[in-house]
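# Overview (structure and organization)
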Amino acid sequence: MTFISRILGFIRDVIFARILGADAATDAFFVAFKIPNFLRRLFAEGAFMQAFVPILSEYKEQGGEVALKNFINRTAGSLALILITVTALGVLAAPIVIMVFAPGFSWQGDSYELAVQLLKITFPYLFFIASTAFAAGILNTHGQFAIPAITPVLLNICLISAAIWFAPEMNEPVVALAWGVFIAGAVQLSFQFPPLWRMGLLPRLHWGFADDGVRRIMKLMIPALFGVSITQLNLLLDTLLASFLTSGSISWLYYSDRLVEFPLGVFGIALATVILPALSKRHANQEAEAFSNALDWGLRWVVVIGLPASLALLVLAKPLLATLFHYDAFTEHDVLMASQSLMAYSTGLLGFISVKILVPGFSSRQDMKTPVRIGIIAIVANMIFNLILFFPLAHAGLALATALSSFVNAGLLYKRLRQDSIYRPRQGWVRIWLIVITANLAMVGVLWAGLTVEDWLQSDLWQRVGDLSYWIALAVVMYFSVLAILGLRPHDLMQSSGPSKQGIAR
């Protein structure tokens, strides 16, 4: 379901690039769209979900049906009140918010005014999508993953419709996209109602700030705001600094980030969505060995899928951008500039995905302070990397700084889980690394051959699509063939119910 959503997201971005290109107006829209999305990832899908799901799992595993429903109702009422308040403040303070998130626009009068106008339209999206995330937490905890995963398809459908049918009719086309975001939020939330109703868990909004469960959520959320959203804060810092660069820089970062988000969303976020309720359940049932094995399972998949995805994006940055976006308003210069930031972002994909798996190792145990402390270190590291790389590499330096800080974050999270004996790797890790590295070398060889043979910027659409599909398919076959030949089997990537082993065995 996530894969379908990401494919439609690509179609959406291709249409955006073809119709709108990369200029000051698209920069303004992407900032106005990024702000509610950032807050959604920070508060709703980030801190709130990491605090809500473990406590919801406790009620589900240890409490009765009445207690579970009361907890859901009181949480829903409290969340709705907070979201309405934040949304109202965001709309009223839109000029100030734009100054904070994109201060460089203040020297570009038209861009600033347009961004403020767009933000007033898009900010209510936060209320709708955060409420949708709340519903997704209930469904995921009860093993219902399909509806939340397919829901973003509705956003893409609304934005594609706005771009094709409404944008050409407006004096400023990006305003139509902003209204598409607003409508998509309401549609996505409504889509959650039928499955919740069938489960008998459709919330009734009750005042709940005095409820013990709600108070525990709020207590856990405060430190989780940083711990689970370091990547988003770093990406936001990129946008802030990019607002001082030449027009188009924010758009180049957006399109390159979207390509990195594809494997991160299809695999990383999907895996994290599944592993959080699984870890929460094991912690609630005091199953330490099963908890460690679930983490081990997630990290094995990170290595087997995340590493080749990272290398493929690095090698195919220019061909991918040319094939997807190099039409009409999106120029050859845009392709070259966006490919620089895509190559930089791709180096951090393994770190981005690892963080998605490692943070639930703490939050599922209701330990939010440790990821916060580590996250602050990662933010400081990102700022240092930005200062070093911003001037020589411009927008690509911002992307590379974010990538490097993701490894700082992931490395420190991993180290702490090992030191506290929360995670104890099972046998076979050295063997898996050797097999995966060998398979990746073979895969990169195939992709590099395709990169040197084809003239990606001069060929037409269908030739690009055909050539890119051919070389990617050939590389995938090569990668998994080498894995099979060297002996990597499905059981190496399955969760184990047996005891964990200390250390990394042979």
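In this text, all values refer to a predicted model and were calculated from it rather than measured experimentally. (Residues numbered from 1 in each chain as written. Predicted model: local features only at pLDDT ≥ 70, side-chain atom pairs only at ≥ 80, totals over all residues. Heavy atoms only, no water.)

## Looking at the overall build of the protein
Test applied: Each helix is a run of H or I in the DSSP string that is no shorter than four residues. Each strand is a run of E no shorter than two, and both are numbered from the N terminus. Using C-alpha atoms as the atom set, the radius of gyration is obtained and then compared with a globule rule of 2.2 Å times the number of residues to the power 0.38. The cut-offs for exposure are 20% and 50% of the maximum accessible area for each residue type, with area from a 1.4 Å probe on protein chains only; residues under the lower value are buried, those over the upper are exposed, and the others partly exposed. Contacts between residues were defined by any pair of non-hydrogen atoms, one from each residue, lying within 4.5 Å. To be clear on the numbers: accessible area is Shrake-Rupley with a 1.4 Å probe, and residue cover counts the displayed protein chains and nothing else. We score Asp and Glu as negative and Lys and Arg as positive, and we do not count His or the chain ends. Charged side chains are reduced to one point each, which is NZ for Lys, CZ for Arg, CG for Asp and CD for Glu.
Check the secondary structure of the protein and you find 20 helices and zero strands. In terms of overall dimensions, the protein is globule-like: its C-alpha atoms have a radius of gyration of 23 Å, near the 23 Å expected for 506 residues. Each principal axis of the C-alpha distribution contributes one length, and for the protein these read about 60 × 60 × 45 Å. For the protein, the residues scored as buried account for 58% of the 506 residues in total. For the protein, contacts bridging at least 24 residues in sequence account for 85% of all contacts bridging at least 6. Carbon and sulfur atoms form 67% of the exposed surface of the protein, whose accessible area is close to 20700 Å². Looking at the protein, you have 34 positive and 29 negative side-chain charges, and the mean spots of the two groups are 13 Å apart.

## Quick look at the packing of helix H6 (residues 125-141) against helix H9 (residues 173-198)
Put simply, the test is: Between N-to-C directions, angles span 0 to 180 degrees; the directions come from axes that are lines fitted to C-alpha atoms, helices contributing only their stretch in contact. If an angle is under 35 degrees, it is roughly parallel; if it is over 145, roughly antiparallel; if it lies from 65 to 115, roughly perpendicular; otherwise it is oblique. Crossing handedness is defined as follows: a turn of the near helix away from the far one that is anticlockwise and smaller than a right angle gives a left-handed crossing, while the clockwise case is right-handed.
With their axes 8 Å apart at the nearest point, H6 and H9 run at an angle of 25 degrees to one another. Classed by the angle they form, the pair H6 and H9 counts as roughly parallel. Along this stretch, H6 crosses H9, giving a crossing that reads as left-handed. Contacts between H6 and H9 pair Tyr125, Phe128, Ile129, Ser131, Thr132, Ala135, Ile138 and Leu139 from the former with Val181, Phe182, Gly185, Ala186, Gln188, Leu189, Gln192, Pro195 and Leu196 from the latter.

## A look at the nonpolar core
Just so we agree on the cut-off: Definition of nonpolar core: a set of buried residues of the types Ala, Val, Leu, Ile, Met, Phe, Trp, Tyr and Cys, connected through side-chain atoms within 4.5 Å.
Membership of the largest hydrophobic core comes to 123 residues, with the highest contact counts inside it found for Phe29, Ile35, Ile98, Phe105, Leu118, Leu259 and Phe325. What Phe325 contacts, discounting residues up to four positions off in sequence, is Asp13, Val14, Ala17, Tyr255, Leu259 and Phe330. Membership of the second largest hydrophobic core comes to 24 residues, among which are Ala51, Phe71, Ala76 and Leu139.

## Here we look at the pattern of salt bridges
Stated precisely, the cut-off is as follows: Criterion for a salt bridge: a side-chain nitrogen of Lys or Arg within 4 Å of a carboxyl oxygen of Asp or Glu.
In the structure shown here, the tally under the stated rule is eight salt bridges. One salt bridge in this structure joins Arg258 and Asp13, with 2.6 Å as the shortest N-O distance. Separated by 245 residues along the polypeptide, Arg258 in helix H12 (residues 249-284) and Asp13 in helix H1 (residues 2-20) bring together distant segments of the chain. Taking relative accessible area as the criterion, Arg258 reaches 14% and is therefore assigned buried. One salt bridge in this structure joins Arg416 and Asp420, with 2.7 Å as the shortest N-O distance. On the basis of relative accessibility, which here comes to 39%, the residue Asp420 falls in the partly exposed class.

## Thoughts on the packing of aromatic side chains
Selection rule: In this analysis, rings of Phe, Tyr and Trp, with Trp reduced to its six-membered ring, are considered paired at centre separations within 6.5 Å, and the interplanar angle assigns stacked below 30 degrees, edge-to-face beyond 60, and tilted for intermediate values.
For the structure on display, the rule yields 18 aromatic pairs. A ring pair is formed by Tyr414 and Tyr423, whose centres lie 5.9 Å apart and whose planes are at 65 degrees; its orientation type is edge-to-face. Of the aromatic side chains, those joined through ring pairs into one cluster are Phe16, Phe29, Phe30, Phe33, Tyr125, Tyr254 and Tyr255.

## Quick look at unusual backbone geometry
Although it is not a glycine, Gln286 sits at a positive phi angle of roughly 55 degrees. Along the chain, Gln286 turns up in the loop between H12 and helix H13 (288-315). Of the residues examined, Gln286 reaches a relative accessible area of 73% and is grouped as exposed. One non-glycine residue, Ser421, adopts positive backbone phi at about 55 degrees.

## A few points about H12
Counted only if it meets this: Take the seven residues that end at a residue and the seven that start at it, fit an axis to each, and the angle between those axes is the bend at that residue.
Remark: the principal bend of H12, roughly 45 degrees, maps to Gly265. Where H12 ends, the next residue or the one after it, Gln286, has phi of about 55 degrees, a positive value.

## A word on the environment of Asn293
With respect to the helices and strands, the residue Asn293 is situated in helix H13. Under the relative-accessibility criterion, Asn293 is labelled buried at 0%. When the C-alpha positions of Asn293 and Pro425 are compared, they lie 7.6 Å apart, and in sequence the two are 132 residues distant.

## Thoughts on the confidence of the model for the protein
Formally: Known as pLDDT, the predictor's per-residue confidence is scaled from 0 to 100.
Residues of the protein with pLDDT of at least 70 account for 91%, and the chain-wide mean is 84. Across the protein, element-level confidence peaks in H9 with a mean pLDDT of 94 and bottoms out in helix H11 (residues 230-242) with 68. Confidence drops under a pLDDT of 50 for residues 497-506, and excluding neighbours within four residues, the segment shows 25 contacts in the predicted structure.

## Quick word on the side chain of Arg300
Counting through the fold element by element, Arg300 comes out in helix H13. Judged by its relative accessible area of 2%, Arg300 is buried. Discounting residues that sit within four places of it in the chain, Arg300 has contacts with Arg426, Gln427, Gly428, Trp429, Ile432, Asp492 and Leu493.

## Brief notes about H9
An α-helix turns once per 3.6 residues; consequently, residues spaced three or four apart project the same way. The test is simple: Multiplying one less than the number of residues by 1.5 Å gives the expected span of a helix.
End to end, H9 covers 40 Å across 26 residues, agreeing with the expected 38 Å (1.5 Å per residue, within 8%). Downstream of H9 by a residue or two, Gly200 has a phi angle that is positive, lying close to 75 degrees.

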